[in-house]
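These are the residues of each chain, in order.
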Amino acid sequence: MKIGNSFNTQALNDLNQHKTNTDSILSKIVATRELSGKDSANLMIADALNSQISTTTQGVQNANEAIGILQIADSTASNLSQSADKLNQLSVRYNNDALNSDQKSMLTSEFNSTKEAMQDMIDNTTYNSKPIFGEGMSFEMGNGTIDISSLEVGGIGELDITDQSTIQQYIDSLSNTRSDIGSAMQEFEVGVTNSLSAISNLTNSKSIIEESPMDTKIDDLNTNQTKLEASILAQAHKNDQLQKRISALLV
């Protein structure tokens, strides 16, 4: 009586399958290397990608600074708007013939004090010692430049307690400025989102190119294959010896 060689057959099948897989992987590696070109060319591409990543990253930092500046500007414009509403209220109160001269003088004093506080807010709204209002700004994004037109909040001196229309015009001007600030912030936020996506894609591409050289991959693959073959053959030998012992017992 003999026991079938199912153990050996399975081991050989595993070995053949592994060889087939290895041949397939090697062919793909060779094809990839042919498409990728020489290692020096890959290094040049990787350097170019790294430069793009650095430039775009700096652009994101610039955009974040721009957003910070715009947030400061919007906060100041919001406070100016609240103060302008107060001036408007004082003007309405002032233009009332039921008030006497002393009362109107008190309202005028409060009106002027509020105007001075508003001008101080404008003068003290700076970033890195540079005024934010009244000057245009430009920010490099790495893939283009975003310009911010001059943010205007001036005209405080023209506000007149006896003429409510001057105050309303100023309130309307502040509203337009805040709208411009919001639009600029949105433009920078979209730019940051697009830049972060570009950085992610460039980093992935750079990572692929900077992987270990193809020759090294092939050597590693061959080494692993040899180890596996030796393991399978050893197992097959053990199974064959076991089969012979069992067959001898059953003779």
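Residues numbered from 1 in each chain as written. Predicted model: local features only at pLDDT ≥ 70, side-chain atom pairs only at ≥ 80, totals over all residues. Heavy atoms only, no water.

### What about unusual backbone geometry?
One non-glycine residue, Asn 128, lies in the positive phi region at around 55°. Relative to the assigned elements, Asn 128 resides in the loop between strand 1 (126-127) and strand 2 (130-131). The class for Asn 128 is exposed, based on a relative accessible area of 69%. Unusually for a residue other than glycine, Ser 129 sits at a positive phi of about 70°. Relative to the elements of secondary structure, Ser 129 occurs in the loop between strand 1 and strand 2. (Helix = DSSP H or I, 4+ residues; strand = E, 2+ residues; numbered from the N terminus. Buried < 20%, exposed > 50% of the residue type's maximum accessible area, 1.4 Å probe, protein only.)

### Examining the nonpolar core
Of all hydrophobic cores here, the largest spans 42 residues; its most connected members are Leu 70, Leu 151, Tyr 170 and Phe 188. Every element with two or more residues in this core is listed here: helix 2 (39-94), helix 3 (101-124), strand 3 (137-140), strand 4 (145-148) and helix 4 (164-209). Residue contributions to this core peak at 14 residues, all from helix 2. Beyond its immediate stretch of four places on either side in the chain, Tyr 170 contacts Leu 80, Ala 84, Met 118, Ile 122, Val 153, Gly 154, Ile 156 and Leu 159. (Core = buried A, V, L, I, M, F, W, Y, C linked by side-chain atoms within 4.5 Å. Contact = heavy atoms within 4.5 Å.)

### Looking at the layout of surface pockets
A volume near 240 Å³ is recorded for the second largest pocket. Around the second largest pocket sit Asn 62, Glu 65, Ile 69, Tyr 127, Asn 128, Lys 130, Pro 131, Ile 132, Glu 135, Gly 136, Met 137 and Phe 139, which together line it. Listed by contribution, the elements that provide at least two residues to the lining of the second largest pocket are helix 2, strand 2 and strand 3. If you tally residues by element for the lining of the second largest pocket, the top one is helix 2, at three residues. Across the lining of the second largest pocket, the residue classes tally to six nonpolar, three polar and three charged. (1 Å grid on protein atoms, 1.4 Å probe; cavity = no way out; pocket = protein on both sides within 12 Å on 5 of 7 lines; lining within 4 Å. Points joined across faces, edges and corners; volume = space filled by probe spheres on them. Nonpolar A, V, L, I, M, F, W, Y, C, P; charged D, E, K, R; others polar.)

### Some words on the packing of aromatic side chains
Under the criterion given, the structure shown has one aromatic pair. Judged by centre distance (5.6 Å) and plane angle (90°), the ring pair of Phe 139 and Phe 188 falls under edge-to-face. With Phe 139 in strand 3 and Phe 188 in helix 4, the pair connects residues that are 49 residues apart, well separated along the chain. With respect to class, Phe 139 is no different from Phe 188; both count as buried. In this arrangement the basic side chain of Lys 104 is found over the ring face of Tyr 94, its NZ or CZ atom lying 5.0 Å from the centre. (Phe/Tyr/Trp six-rings, centres within 6.5 Å; stacked < 30°, edge-to-face > 60°. Lys NZ or Arg CZ within 6 Å of the ring centre and 35° of its normal.)

### Comments concerning the pattern of salt bridges
The tally for this structure, following the rule as stated, stands at two salt bridges. A salt bridge links Asp 74 to Arg 178; the nearest nitrogen and oxygen atoms lie 3.1 Å apart. Here Asp 74 is found in helix 2, whereas its partner Arg 178 is found in helix 4, with 104 residues between them in sequence. Its relative accessible area of 23% is what places Asp 74 among the partly exposed residues. Residue Lys 86 is joined to Glu 110 by a salt bridge in which the shortest nitrogen-to-oxygen separation is 3.4 Å. Of this pair, Lys 86 sits in helix 2 while Glu 110 sits in helix 3, and the two are 24 residues apart along the sequence. By relative accessible area, which is 36% here, Lys 86 ends up partly exposed. Given the relative accessible area of 35%, Glu 110 is considered partly exposed. (Salt bridge = Lys/Arg side-chain N within 4 Å of Asp/Glu carboxyl O.)

### Some details on the confidence of the model for the protein
Looking at the protein, the pLDDT average stands at 80 and 68% of residues meet or exceed 70. Confidence, read as mean pLDDT per element, is least for helix 1 (residues 6-36) in the protein (54) and greatest for helix 3 (96). Here residues 33-38 is modelled with pLDDT under 50, and outside its nearest four sequence neighbours on either side it reaches four contacts, counting other chains as well. (pLDDT = per-residue confidence, 0-100.)

### Comments concerning the environment of Leu 87
On the secondary structure map, Leu 87 appears in helix 2. The spacing of Leu 87 and Lys 115 is 28 residues in sequence and 8.1 Å in space, taken between C-alpha atoms.

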